[in-house]
Structures are given as structure tokens and as C-alpha cells.
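Coordinate analysis (summary)
Chain by chain, the residues run as shown.
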Amino acid sequence: MMTQFNFDKNAAGTVNTNEDLARYLLKPLAIGNRTIANRMVLAPMAGLGHIAFRQLVTQFSGFGLLFTGMCSAKAVPHENPGRSHIFSWRPEELDHTVCQIFGAEPEIMAQAARRIEAEGFFGVDLNFGCSVAAICKKGCGAALLKTPDKAANIVSAVRKAVSCPVCVKFRTGWQDDDNFPVTMARAFENAGADALTFHPRVAPDRRSRRPRWELIGKVQDAVTIPVFGNGNLFAAEHGIRMIRETGCRGLSIGRMAVARPWIFAQWTKGVKPEPSIYMETALEMARLLSTHYEDHFALKMFKKFAPYFCANFKFSNAILKALIRAETMNELCNNIRHLLDPPPRTLRLPNINLFV
């Protein structure tokens, strides 16, 4: 394993151009007992990484793994995928999709992981990163970083329960302490984690300050398992810089994938989208939502998607307000056609104010 570690670190130092970035991201990577052919993955996102959005990303291709949104570990063992808005999937995506769970008790998390493995998912992801108050008040998400031993015990319990890959997503902690994420990364690896996704911000800081990418490098240097860097990856030059500066084994793309679901194909395959891609993508997102959900919920989910997508446009706030002024999916689709044909002026980097 150490040989692979050194090879990857040396390879990361040669990433200077978009072509170098694509070559690096298309190197196979072992995660536990499985291997992925592409190191660029979709980050788990609550309310955004649902079945319809994952299908949209799949149509563009270019990714290594998809992640579901957060699923409650208490609910998963008894959840009905045919009725659940969150714990649902297409059979053909299971072998490249990781199901993320949140919870506060080792045995409950282990029970959920057993169900996830039984359904055929690539792996299970443990959420120790969500800093939303409603999650942290339950002792879940980033709140578990306040009790490091308990967090490690959860990883250990899940590792003993399943043979599929076990991943962990976590933050810097609750204070700006360089040593804490390093200590936690080692604890997670020792407890049996196969890969880490690290978001280098403290939990109280939702997104008010820039992520400290240098901490990604410290975390990767501390462990032999792959670390996926996460945070403010908006353009290919950011991916190049993160890999060069941190030596991380892969990139985890969240909000930017919602804004531009073709980003994986852009960075790994050199795809150059036409201006019409904005209207076509918005209409396809609406169609897929209507395929998987009833009209009311489909509209609600599109309105969650819309701020990130509209961040692409120069007059993003005005377009967003006009776009979501709809009470049915039919009205929404009419708005899309009216506002996005011809294509509005776009920004090279998104309007970060809409990346809530």
C-alpha cells in the first residue's frame, strides 16, 4: 500500500495542465476491496444528491463514484425504496454508488450499513461533517467530532458489520486546530475506514471563510488510505492546484456539480459544452424529477436545485426569481424555455452568493 501511496504523491506533483488533471483523475484507485477507474466523485449532498440528480449526472458521465444524500440510519433498515424520497435508487447505479448515512449510535449505524450492503451498493459513507443545527442537536454529523472515541467506535462497528468499502466524510472539527483532523483521520483508518472525504472547514463555519486546503495535505500524509479533497472546487485550475498542493488521491465535487452536472465529463474527458446545454439540462432535470416524484415534490426539489444552477448566469438573481415562479412542473418548464432560450450570458465562475 505504501508503494501506491508514494506513486500517487509523485504523480500529483506532475499535474500542471487540464490534460495532466484528466490523466491523474483517470488513474485507477483502490478503495478497500474494490477499485474505481476514475478519481473524481460526486460529494454527498442533503436534498440535492437524490435519484433524479444522480441520473442526470450519469447521463453526462465522467465520474468515478456517486454518493446519495444523507439517509437516516434509524430509518434505513425499515425503509421502502419504492416510497422513500431519499433511500431510493436505480438498479443500474448500485455498483458505482455509495449510500451515506447519519446517526449517533454504533449499532444503529451498523444495522443500516448491513441493509445498504445487502441492497448491492458499492459502499457505505458515514457522515461526520454535516454542521446543520437540526442534525448536530441529535448528536449526529459534525457533532460526533466532539466525541472522537465515539466517532471511531461507529467506524469500527460498521467495519465489522460489512465487507463493502466504508468511507467517512468529516470536517476540521469545532476549532481551527491543525492537529485534530490528522488525529481523526488516523483514528478512522485504524477503525477500518477505506477512504476519507475531508472538507477543511471548522463545523461552525458553514462557508464564510475559504477552506484550508493545506489541511487536506496533512490528512493525506497521515494515512495510507485515499483522501478525497473537498471544498471550493469551481474550475479545473482549482482541481489542478488542490492535487498539486495536497497530494490528495481524488476530488469530491459538491455544489459545482449541481451548477454544472457536466463538470465530471469536462475535467476527465475534455467535453466542451455548447451554449444550449443550460436549457437542455434544466429541462432534463425537470423531466427526471417528474419521472421519480409526484408533481409537488418534484417542484420542491427543482427549487432546491435552481439557485446553484442559476449561479452560472450573469443576472443570476433575476433569472432565479423568474424561474421558480411556478406552481406546477408544466409552468416551470415553460419558464425554463422562456428564460434560457436564447442562452443568457454566463459567468466563468459561479455567483457564490447563490451557493447557499
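Look up: the structure comes first, before these words.
Here the structure is a predicted model, which is why all the values come from computation and not from measurement.

Each helix and strand counted, the chain has 15 helices and 10 strands in total. Relative to its length of 356 residues, the chain is compact, with a C-alpha radius of gyration of 19 Å against a globular reference of 21 Å. With respect to the three principal axes, the spread of C-alpha positions in the chain is 55 × 50 × 35 Å. A buried classification covers 60% of the 356 residues belonging to the chain. Within the chain, contacts between residues at least 6 apart in sequence are counted, and of these 72% link residues at least 24 apart. Split by element, the accessible area of the chain, about 14700 Å² in all, is 51% carbon and sulfur.

For Asn351, the location among the structural elements is in the segment after α15 (329-340). Within polar-contact distance, the side chain of Asn351 engages the side chain of Ser316 at 2.8 Å. The contact partners of Asn351, leaving out residues within four places of it in the chain, are Ala311, Ser316 and Asn317.

As a further point, take helix α12 (residues 277-292). Structural remark: α-helix, 3.6 residues per turn; residues separated by three or four positions point the same way. The end-to-end C-alpha distance of α12 is 22 Å, a good match for the 22 Å that 16 residues give at a rise of 1.5 Å each. Among the residues making up α12, those that are buried are Ile277, Tyr278, Met279, Thr281, Ala282, Leu283, Glu284, Met285, Ala286, Leu288 and Leu289.

Attention now goes to the packing of α12 against α15. Interaxial distance between α12 and α15 falls to 9 Å at its minimum, and their mutual angle equals 175°. On the basis of the axis angle, α12 is roughly antiparallel to α15. Across the interface between the two elements, Tyr278, Met279, Ala282, Leu283, Ala286, Leu289 and Ser290 from α12 touch Met329, Leu332, Cys333, Ile336, Arg337 and Leu340 from α15. For the contact of α12 with α15, the class distribution of residues is 11 nonpolar, 1 polar and 1 charged.

Moving on to the nonpolar core. Grouped together as the largest cluster of nonpolar side chains are 113 residues, with contacts concentrated most on Leu126, Phe128, Phe170, Phe188, Leu196 and Phe302. Residues in contact with Phe302, not counting those within four places in the same chain, are Ala282, Met285, Ala286, Leu289, Leu323, Leu332 and Ile336. The next biggest cluster of nonpolar side chains, apart from the first, holds 11 residues, and it includes Leu29, Leu65, Cys167 and Phe228.

For the rest of this paragraph, the subject is the environment of Val41. Position of Val41 relative to the elements: it lies in strand β3 (residues 40-42). Take Val41: its relative accessible area is 1%, and that puts it in the buried class. Residues Val41 and Ser276, 235 residues apart in the sequence, show an inter-C-alpha distance of 25 Å. Not counting chain neighbours up to four residues away, the residues in contact with Val41 comprise Gly64, Leu65, Phe67, Phe228, Leu251, Ser252, Ile253 and Phe264.

Ordered in space as β3-β10-β9-β8-β7-β6-β5-β4, the 8 strands form an open sheet in which the pairing is parallel. Two strands in the sheet have a free side with no partner beyond their single neighbour: β3 and β4 (66-72). With direction set aside, neighbouring strand axes in the sheet form an average angle of 30°. Contacting β5 (97-102) and β6 (123-128), helix α4 (residues 106-119) crosses the sheet at an angle of about 160° to β5. In the packing of helix α8 (residues 214-222) onto the sheet, contacts are made with β7 (166-173), β8 (195-202) and β9 (227-230), and the angle to β8 comes to roughly 145°.

Here is what the cut-offs are and how they apply
- Residues numbered from 1 in each chain as written.
- Predicted model: local features only at pLDDT ≥ 70, side-chain atom pairs only at ≥ 80, totals over all residues.
- Heavy atoms only, no water.
- Helix = DSSP H or I, 4+ residues; strand = E, 2+ residues; numbered from the N terminus.
- Rg over C-alpha atoms; globule rule 2.2 N^0.38 Å.
- Buried < 20%, exposed > 50% of the residue type's maximum accessible area, 1.4 Å probe, protein only.
- Contact = heavy atoms within 4.5 Å.
- Areas by Shrake-Rupley, 256 points an atom, 1.4 Å probe, with all protein chains shown as cover.
- Polar contact = N/O pair within 3.5 Å; in protein donor to acceptor, adjacent residues only side chain to side chain.
- Expected span 1.5 Å × (residues − 1).
- Axes fitted to C-alpha atoms, helices over the stretch in contact; angles between N-to-C directions.
- Parallel < 35°, antiparallel > 145°, perpendicular 65-115°, else oblique.
- Nonpolar A, V, L, I, M, F, W, Y, C, P; charged D, E, K, R; others polar.
- Core = buried A, V, L, I, M, F, W, Y, C linked by side-chain atoms within 4.5 Å.
- Pairing = 2+ DSSP bridges.

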